[in-house]
Amino acid sequence: MVNIFAMYKPVLRVLMKLAGVRPQTVEIEPGTVMNFWVPNQTSNKNTVVFIHGFAADGIITWQFQVLALARKYKVYVPDLLFFGGSITDRPERTPEFQAECVAKGLRKLGVEKCTLVGFSYGGMVGFKMAEMYPDLVESMVLTCSVMALTKSISDAGLERIGFKSWSDYLIPDSVQGVKLLFEIATYKLPRIPNFVFKDYLEVMFDNRKEQSELLEALVIDDKDFTIAQHPQRVYLLWGENDIIFNKEVVNNLKRQLGDRATLQYIEKAGHLVEAERPCTYMEDSSTSNGQDLISKLPDSLLCHILSFLSPKESVGTSILSKRWENLWTSVPNLCFSDTFVFDNGNYVNKVKCFIEFVNWVLSHRDGFAIRNCNLSCYTSHASAHLYSWTYAVIACKVQELTLKSELFRVGQLPWSLLTCKTLVVLKIHGRFMFNFPTYVCLPRLKVLHLNSVIYGDDDSMQKLFSSCPVLEDLVIKRHDWDGVGIMNIYVPSLKRLSIFSLSLRHVGNYEYKVVIKAPNLEYLEIDDHMYEDYSVNSSPSLVEACVQGVCVFGLLKGISHVKRLALSGNAMQSLAPLYDLPTFHNLTDLKLGMDDNVGWKLLPNLLQSSPNLKVLVFKDGLVKPFSKGTFQFNWNPRSCVPHCLLLHLKTIEIHNFLGTPDEVKLVTYLLGHATVLEMMTIYWYDTIMDSESQKTMVKTKDDILKSPRGSYCQVIFHHLMY
C-alpha cells in the first residue's frame, strides 16, 4: 500500500501553492545545496523565517504556521542540511555551520532582515544565526529550545526521557521507536494505527549517518559555553508539559536572556507544541495576528482534499493536529482492497489487520454520508465480511458502490442493497446470489454493472431491471450458469447496454433467448457465443453498436438503425451464410474484423446493404499473418457496384497490410470504384523484413499507386520498413 506521508507531500505542496509559497533550491557554495520554501511573489511585507527541529523537515514541521502567515508575511522555510533534500560535502556538522548556510541562502534569496522562529534543534541554530548575523535577525520566537545543548542539559534531558543518547531517541529504527518518539514529545498522543508510524519511519529518516553526526556535534562541555549577548528581543513560547526541555530549563534560559526575553506557556502541550496546538501557538505568537488559514477552510474542502487519498492515508492525517483528528471520518470516498496481503508473506496477520481496519473505519463514520465506496476482496477471510460491510456502507447513504469478490463460492448480500434510495452507481463482481425481497426499488440508480452474479431465474433478472426507473447504463457479464435462460431486458430509460456471455454454456432443456426493448438506446455492445435467438427493439436513437461474438439475423435486424457499427471476425463468420442482409440506411461508419474460414465473403453484401457508408475500416487487416495457407480470402464482388462506393464512401483504413495478391486485388477494386473517395490509409504489418521482402513491399506500393482510381483520392502508407 502507498505510504501515507509520501502521498501527503504532494497534497501539502498543493496547499502551500494555494497559500503562496513554493520550493526553491539554493546553492550555498559548490557542494552545498539547501532547499527553501519561498514566497511566490516579491512584496514589501515583513519577513518571517521558520527553522525546524530534528524529527521532520521544514514544511512538515511548520505547515500550519505557514498557512496562517503566508498572506500577511513573506515566509521562508529552509530545510537544514541533511533534511528534506539539503546536502553538503563539507565535513562540518555544528549548529554554527547550519546557521552560516541558512544565512547565506537567505542573502541569496534577497532577505535583508527577518523575524526568526526556531523550534528545538532549529532554535539552537537560530541562536547562532542571531549571534553571528545580528543585522539579519531582528527578533526571535524560540520554542522548546536552548542557547546551546550543554552536557549537563543533555544528560538531564536524556534521563527524563529514559534514553542513553539523542540518536537513539531522535533517529529511531523501529515502529515502536517512532511511536515512543511522539509519545514523549506530546502531551497526549491520539490513538494512531501502527501503520502510520511505520510509514513515518520509512520516509522521514534519510541520512541517518549524517544526522547522527549532527547530534554528536550538538552537545558541548559546560565549560565551553558562554552566554551570548543578543541585541534582539526573544519571545519564548513553550509547551507547558514539555519533558525534554522542561520548565526548569526554560526558566534558566529566560534568566540568561534577561530583560530581552518574554516567556509564554501553552497549556496541554508537550515538546511538539507547534503541531499539537497550532491554533493556540499562532494566537500566542507575537508575530501572528491570530489567524489560522487552514482553520478557516470548511470541512467540505478539507474532506475533498482527503478524498484523493486512500482510507489508510486519510486516517494517517489525524496525527497532524487536532484540526485534522476526526476529519477522516467524514471523507466521502472509501476504497478497500486486500490485494496487498499476498506480498512479502505473513498472510494471516495481514488479512486480520485488514479486516480490523475496515471494521474500525466503518464503525467511526458516525452517520457521515459516503459518496463512493469500493470493497474488493480476494481472500476468503475478508470476503466473509462483505455482507456486514455492505450493510454498514448502505446505512451511510452511499451513492456509488463497487463490490468485488474473486471467490468461487456463492456469497450473500443484504436486502437493503436492493432498496437503497441513494444509490446512483452499483457495480457487483462475484458469485453473489440475488435473493430478492418482496419489495425492490432503486429509484436513483443510473449505472448498473453485474459480473458473474447469480439471479436464480428469468424473472429475477427482469425484476431487478424493472426496479430501476432511471437506469441509463447496464453492463451484464455472465460466465457460469446463473439461473437465467431467457434474458429479458425492458428498460425504457436505458442508453448504454453491454452484454458479455463469454464462457456460458447450455444447461438442461432451458429456452435460451435474448429480448431487448430499449427505445432510447444509444450504445449496444454484444459479446455472446451462446445465444442464437435475439429479439431487439431499438430506435433510430441507436448511435453505435459493437458485436464481438456470434451475430444472428435477429440481432442484426434489430440494430439496423445504427450509425456506427463494428463486427468482429466471429460475427462475420456467423453472418457469412446470409445473402440478404437488412438495409442500414443510417450507417456511416463500419469497422470489420476478420475470420480465417470465410474471409471477405460477406463484404459485398455489407457494402450493398450500407448505401450511405462514409468510413470503412479493416481493423484486423485483410489477411491473417502467418496463416500458412489456411486463410480463405473469398473476395467475389457483385456485378453491380454498391451504392456507397459510387456516392458516399470517403475514407478507408486498412491495418496489418502484408501486400499479398489477394489484398492488392481488393485494394485496387476499392480505389477503382469509389468515385468520391478522399483518402485511403494503409498500415503495413509491423515486422522486420529481409532485403528481398522490402523490395517486394516497394513494388506492391508502386503497383497500388499506379492502379486506376475512381476519384482523385490520396493514398498514404504507414510503417514502411525500408
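Structure: above.
Residues numbered from 1 in each chain as written. Predicted model: local features only at pLDDT ≥ 70, side-chain atom pairs only at ≥ 80, totals over all residues. Heavy atoms only, no water.

(A) Structural view of the overall build of the protein chain. Summing up its helical and strand segments, the protein chain has 25 helices and 31 strands in all. Taken over 722 residues, the protein chain has a buried fraction of 53%. Of all intrachain contacts in the protein chain linking residues separated by at least 6 positions in sequence, the fraction that spans at least 24 positions is 67%. (Helix = DSSP H or I, 4+ residues; strand = E, 2+ residues; numbered from the N terminus. Buried < 20%, exposed > 50% of the residue type's maximum accessible area, 1.4 Å probe, protein only. Contact = heavy atoms within 4.5 Å.)

(B) The arrangement of the pairing of strand β7 (residues 137-143) in detail. Most of β7 sits inside the fold, with five of its seven residues counted as buried. Of the pairings in the sheet, the one linking strand β6 (residues 114-119) to β7 comprises six bridges and is parallel in character. Residue pairing across strands places L116 opposite M140, the latter belonging to β7. In terms of handedness, the path from β6 via helix α4 (residues 121-132) over to β7 forms a crossover that is right-handed. In this structure, β7 lies alongside strand β10 (residues 233-239), joined through four bridges in parallel fashion. Residue V141 lies in a different strand from β10, and its bridge partner there is Y235. (Pairing = 2+ DSSP bridges. Right-handed = clockwise from strand over helix to strand, strands pointing away.)

(C) Representation of empty space enclosed by the protein within the structure. Evaluation of the coordinates by the stated rule reveals four cavities of 30 Å³ or more. Estimates place the volume of the largest cavity at around 220 Å³. Lining of the largest cavity is provided by 20 residues; of these, F54, S120, Y169, L170 and H271 occupy positions nearest its centre. Contributing elements (two or more residues each) for the lining of the largest cavity: α4, α6 (166-170), α7 (175-185) and α9 (208-218). Looking at the lining of the largest cavity residue by residue, the class counts come to 17 nonpolar, three polar and no charged. (1 Å grid on protein atoms, 1.4 Å probe; cavity = no way out; pocket = protein on both sides within 12 Å on 5 of 7 lines; lining within 4 Å. Points joined across faces, edges and corners; volume = space filled by probe spheres on them. Nonpolar A, V, L, I, M, F, W, Y, C, P; charged D, E, K, R; others polar.)

(D) Here's a closer look at the pairing of strand β1 (residues 21-29). With eight bridges joining them, β1 and strand β2 (residues 32-39) adopt antiparallel strand pairing. Counterpart to V26 in the pairing with β2 is M34. Once β1 ends, the chain turns through two residues before running back antiparallel as β2, passing G31 with a positive phi of about 95°.

(E) Main features of the packing of aromatic side chains. Tallied over the entire structure, the rule returns 15 aromatic pairs. When the centroid spacing of 5.1 Å and the interplanar angle of 85° are considered together, the rings of F182 and Y200 count as edge-to-face. Highlighted residues: F182 in helix α7 and Y200 in helix α8 (residues 194-204), separated in sequence by 18 residues. Each member of the pair, F182 together with Y200, is buried. (Phe/Tyr/Trp six-rings, centres within 6.5 Å; stacked < 30°, edge-to-face > 60°.)

(F) Structural detail: the sheet that holds strand β24 (residues 534-537). Taken together, three strands build an open sheet; the order of strands is β20-β22-β24 and the sheet is parallel. Both edges of this open sheet fall to β20 (486-490) and β24, since each of them pairs with a single strand only. If you compare each strand with its neighbour and ignore which way they point, the axes differ by 0° on average. In terms of strand pairing, strand β22 (residues 513-517) meets β24 through four bridges, oriented parallel. Residue pairing for β24: I516 is matched across the bridge by V536. (Axes fitted to C-alpha atoms, helices over the stretch in contact; angles between N-to-C directions.)

(G) Broad picture of the packing of helix α1 (residues 4-19) against α8. Relative orientation of the contacting elements α1 and α8 amounts to 70°, with a least axis distance of 8 Å. Our classification of the angle between α1 and α8 gives roughly perpendicular. From α1, I4, F5, A6 and K9 reach across to α8, where they touch F195, V196, D199, Y200, V203 and M204. Taken together, the residues of the contact of α1 with α8 sort by class into eight nonpolar, no polar and two charged. (Parallel < 35°, antiparallel > 145°, perpendicular 65-115°, else oblique.)

(H) Spotlight on the side chain of E29. Position of E29 relative to the elements: it lies in strand β1. By relative accessible area, E29 is classed as buried at 18%. With sequence-adjacent residues up to four places away left out, E29 is seen in contact with R90 and K104.

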